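A closer look at the structure
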Amino acid sequence: MLTSDLSQVVQIEQQAFPSPWPQEVFGDCLKAGMSCWVLAHNGLVDAYGVMSIEMTHAHILNVCVRPDAQRHGFGRRLLAHFIGVARAHRVKTVRLEVRPSNTAALRLYTSMGFTEIGRRKAYYRAAQGHEDALVMARRV
Ligand SMILES: CC(C)(COP(=O)(O)OP(=O)(O)OC[C@H]1O[C@@H](n2cnc3c(N)ncnc32)[C@H](O)[C@@H]1OP(=O)(O)O)[C@@H](O)C(=O)NCCC(=O)NCCS
């Protein structure tokens, strides 16, 4: 992900998430040297994601596929790439959070070997009140 990708990334983010990250958050992730990637063809961003890498584990903070490009395998490719990056950094596990209501993401993560390791109460804003986050992880 380059600074020049951010206008497309933010546009997709706004289409895909109820509480989208603002552009500054992506900019801060780039500046902080996080593992930020886009899948793109002919200058068009199909998917993107952000992962932070700690001493013993990596944490996927954002994964998103452009709504009209979903269900074409981009989410799976991006996740596989993140696991490869985590492996190259010799961390032991990859973690992420997901809304229990996000069936598509849950199926993707489960099919790639992630299992639930905990819950964060009222982690996400929901249409009414808040929604828990499932914390999922897999060994690298
Ligand atoms: C979740 C998301 C990243 C999946 O990406 P994708 O490119 O559409 O998914 P893929 O085509 O790689 O599909 C991989 C698997 O995920 C599951 N899946 C994906 N979309 C699904 C859907 N709409 N319903 C049910 N399962 C789905 C399936 O198990 C699928 O495998 P299959 O095609 O062999 O059945 C995408 O839907 C997305 O960006 N959603 C909005 C943002 C978001 O929720 N991000 C995750 C936050 S935790």
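Our subject in this report is the structure included herewith. All values derive from a computational prediction rather than experimental measurement.

With that settled, the discussion passes to the overall build of the protein chain. Counting its regular elements, the protein chain contains four helices and six strands. When the helices and strands of the protein chain are listed from N to C terminus, the series reads α-α-β-β-β-α-β-α-β-β. Its C-alpha atoms give the protein chain a radius of gyration of 14 Å, near enough to 14 Å, the size a compact globule of 140 residues would have. Its C-alpha atoms give the protein chain principal-axis dimensions of about 40 × 40 × 30 Å. Per-residue burial over the protein chain gives 43% buried out of 140 residues. Put simply, of all contacts in the protein chain between residues at least 6 apart along the chain, 56% involve residues at least 24 apart.

Two orientations exist for strands paired in a sheet by backbone hydrogen bonds: parallel and antiparallel. Sheet architecture is open: six strands sit in the order S1-S2-S3-S4-S6-S5, paired in mixed fashion. Here the strands that pair on one side only, and so sit at the sheet edges, are strand S1 (35-41) and strand S5 (115-125). Strand-to-strand twist in this sheet, taken as the mean axis angle between neighbours without regard to direction, amounts to 25°. One ladder, built from four bridges, connects strand S3 (residues 57-65) with strand S4 (residues 93-98); its direction is parallel. Across the sheet, residue histidine 57 finds its bridge partner in S4, namely threonine 93.

This part covers the side chain of arginine 66. Tracing the backbone through its elements, the reader meets arginine 66 in the loop between S3 and helix H3 (74-88). Of note is the side chain of arginine 66, whose polar atom sits 2.7 Å from the side chain of aspartate 46. In terms of polar contacts, arginine 66 uses its side chain to reach the side chain of aspartate 68, at 2.6 Å. Arginine 66 has contacts with Ile12, Leu44, Val45 and Asp46, leaving out every residue within four places of it along the chain.

So, about the pairing of S3. A large share of S3 lies buried, amounting to eight of its nine residues. Strand direction decides the pairing type here: strand S2 (residues 44-53) and S3, joined by seven bridges, are antiparallel. The residue bridging alanine 47 from the neighbouring strand is valine 65, located in S3. With antiparallel pairing between neighbouring strands as the criterion, S2 and S3 make up a hairpin whose turn holds three residues. In the classification by handedness, the crossover that spans S3, the intervening H3 and the parallel S4 is right-handed.

Turning next to the packing of helix H1 (residues 6-16) against helix H2 (residues 23-31). Where H1 contacts H2, the axes come no closer than 10 Å and their chain directions differ by 130°. By the angle between their axes, H1 is oblique relative to H2. When you trace H1 past H2, the crossing you get is right-handed. When H1 is examined against H2, the residues Leu6, Val9, Val10 and Glu13 are found in contact with a partner set consisting of Gln23, Phe26, Gly27 and Leu30. Taken together, the residues that form the contact of H1 with H2 break down as five nonpolar, two polar and one charged.

Thresholds applied
Residues numbered from 1 in each chain as written. Predicted model: local features only at pLDDT ≥ 70, side-chain atom pairs only at ≥ 80, totals over all residues. Heavy atoms only, no water. Helix = DSSP H or I, 4+ residues; strand = E, 2+ residues; numbered from the N terminus. Rg over C-alpha atoms; globule rule 2.2 N^0.38 Å. Buried < 20%, exposed > 50% of the residue type's maximum accessible area, 1.4 Å probe, protein only. Contact = heavy atoms within 4.5 Å. Pairing = 2+ DSSP bridges. Axes fitted to C-alpha atoms, helices over the stretch in contact; angles between N-to-C directions. Polar contact = N/O pair within 3.5 Å; in protein donor to acceptor, adjacent residues only side chain to side chain. Right-handed = clockwise from strand over helix to strand, strands pointing away. Parallel < 35°, antiparallel > 145°, perpendicular 65-115°, else oblique. Left-handed = near helix turned anticlockwise from the far one by under 90°. Nonpolar A, V, L, I, M, F, W, Y, C, P; charged D, E, K, R; others polar.

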